[in-house]
Amino acid sequence: MICARCDEQIKGEPLKVAVETGSGVSSTIYICPTPCPPSRQQRYPVK
């Protein structure tokens with residue numbers, strides 16, 4: 001399974017996070033159980 005935060009393979013038991021949208025619909029994403037840095041694609045461009 002791939003972590004939604006760092007975009008790497010999850011090692012161990014993933015954490016389930018329910019994300020709510022403005023329309024009242026929620027989806028579940030999976031992230032690493034240990035702190036991980038965000039992937040380069042999720043960061044703002046440096047000027």
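Residues numbered from 1 in each chain as written. Predicted model: local features only at pLDDT ≥ 70, side-chain atom pairs only at ≥ 80, totals over all residues. Heavy atoms only, no water.

A. Focus on the overall build of the protein. Per the secondary structure count, the protein includes zero helices and two strands. A total of 47 residues make up the protein; the buried ones form 15% of that total. Across the protein, contacts joining residues at least 24 apart in sequence account for 40% of those joining residues at least 6 apart. (Helix = DSSP H or I, 4+ residues; strand = E, 2+ residues; numbered from the N terminus. Buried < 20%, exposed > 50% of the residue type's maximum accessible area, 1.4 Å probe, protein only. Contact = heavy atoms within 4.5 Å.)

B. How the structure looks around unusual backbone geometry. Positive phi is not limited to glycine here, since aspartate 7 has a value of about 65°. For aspartate 7, a relative accessible area of 44% corresponds to the partly exposed category.

C. Highlighting the pairing of strand S1 (residues 15-20). S1 sits mainly on the outside: zero of its six residues count as buried. Strand direction decides the pairing type here: S1 and strand S2 (residues 26-31), joined by six bridges, are antiparallel. Residue leucine 15 lies in a different strand from S2, and its bridge partner there is isoleucine 31. Counting the residues that bridge the hairpin from S1 to S2 gives five residues, and of these glycine 24 lies at a positive phi of roughly 90°. (Pairing = 2+ DSSP bridges.)

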